[in-house]
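# Summary of structural features
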Amino acid sequence: FGVLNLSWQAARRPEWASMIVAETAEIRRRIAEAHGVRLRFLIWALIPLALNLTYGSLILVPGGHFNRFFWAVMAGALVNIGLNFLLIPPFSLFGAASATIAAQTVAGLAAYYFSRQIVPLGLLKTLIKPVFISAAALLAFGVVYQFSDLLIGCLVFAAVGAGLILLVERKFILDFAEEVISAR
């Protein structure tokens, strides 16, 4: 009957819709209980995947540099395989998601590196520090959140992000503070 059967079921048995919602909630609860990890973390793989696809599919492949694109993808695959062996046993799905994010990052950076040899690119230069700082802070959040609550995870995210910004942009921050102080 397929989709047409849904309205018939709902009309015939009014409790049917709430039964489906309850069963779906139970399935989600059992998955979370069995794995203890939420795959929402994996959504962050879309950022490096976008880098990989942008530079690989829009520069390398159309430019006839198939081998370079192959090596970028191969680098990501090797990182994924290696990290899967290391991270899945202790961290289950969270380890697999982390390995995928790392692999997509390596593949994206490799595609960018090869693309930069063909076309002068400056966009990533301005984005690389914020992306890596955000990724490190997010990774710290993900690890802490698995063993703690949301508030502690958010505090760790903020602390790691702020610490890395201070570390990486120390000279800029000091120069800016000096300029503001001397302007008084």
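Because the structure is predicted, anything quoted here is derived from the model rather than measured.

## Side note on the nonpolar core
If you look at the biggest cluster of nonpolar residues, it comprises 9 residues: L51, Y55, I59, L60, A72, A110, A111, Y112 and F114. Listing elements by their share of this core, those giving two or more residues are α3 (46-60) and α4 (66-118). Looking at this core, the element that brings in the most residues is α4, giving 5 residues. For A72, the residues in contact, after removing those within four places along its chain, are A107, A110, A111 and F114.

## What to know about the pattern of salt bridges
What the rule picks out here adds up to 2 salt bridges. Residue E26 pairs with R29 through a salt bridge whose shortest N-O separation is 2.7 Å. Of this pair, E26 and R29 both sit in helix α2 (residues 16-35), 3 residues apart, which is roughly one turn of the helix. Classification of E26 by relative accessible area gives partly exposed; the value is 28%. Note that K171 and D175 form a salt bridge whose closest N and O atoms lie 2.9 Å from each other.

## Thoughts on the confidence of the model for the protein
Interpretation of the predicted coordinates at a detailed level should be avoided for regions scoring low in pLDDT. Per-residue confidence for the protein gives a mean pLDDT of 81, with 85% of residues at or over 70. Averaged pLDDT values for the elements of the protein fall to 67 in helix α1 (residues 4-12) and rise to 91 in α4.

## Things to note about the packing of aromatic side chains
Taken as a whole, this structure holds 3 aromatic pairs when the rule is applied. Their ring planes at 70 degrees and their centres at 5.1 Å tell us that Y55 and Y112 sit as a pair that is edge-to-face. Of the two residues, Y55 sits in helix α3 while Y112 sits in helix α4, which places them 57 residues apart along the sequence. Comparing Y55 with Y112, the two get one shared label, buried.

## Considering the packing of α3 against α4
Axis separation between α3 and α4 bottoms out at 9 Å; the angle between their running directions is 25 degrees. Taken together, the axis directions place α3 and α4 in an arrangement best described as roughly parallel. The handedness of the crossing between α3 and α4 is left-handed.

The rules behind each value
Residues numbered from 1 in each chain as written. Predicted model: local features only at pLDDT ≥ 70, side-chain atom pairs only at ≥ 80, totals over all residues. Heavy atoms only, no water. Core = buried A, V, L, I, M, F, W, Y, C linked by side-chain atoms within 4.5 Å. Buried < 20%, exposed > 50% of the residue type's maximum accessible area, 1.4 Å probe, protein only. Helix = DSSP H or I, 4+ residues; strand = E, 2+ residues; numbered from the N terminus. Contact = heavy atoms within 4.5 Å. Salt bridge = Lys/Arg side-chain N within 4 Å of Asp/Glu carboxyl O. pLDDT = per-residue confidence, 0-100. Phe/Tyr/Trp six-rings, centres within 6.5 Å; stacked < 30°, edge-to-face > 60°. Axes fitted to C-alpha atoms, helices over the stretch in contact; angles between N-to-C directions. Parallel < 35°, antiparallel > 145°, perpendicular 65-115°, else oblique. Left-handed = near helix turned anticlockwise from the far one by under 90°.

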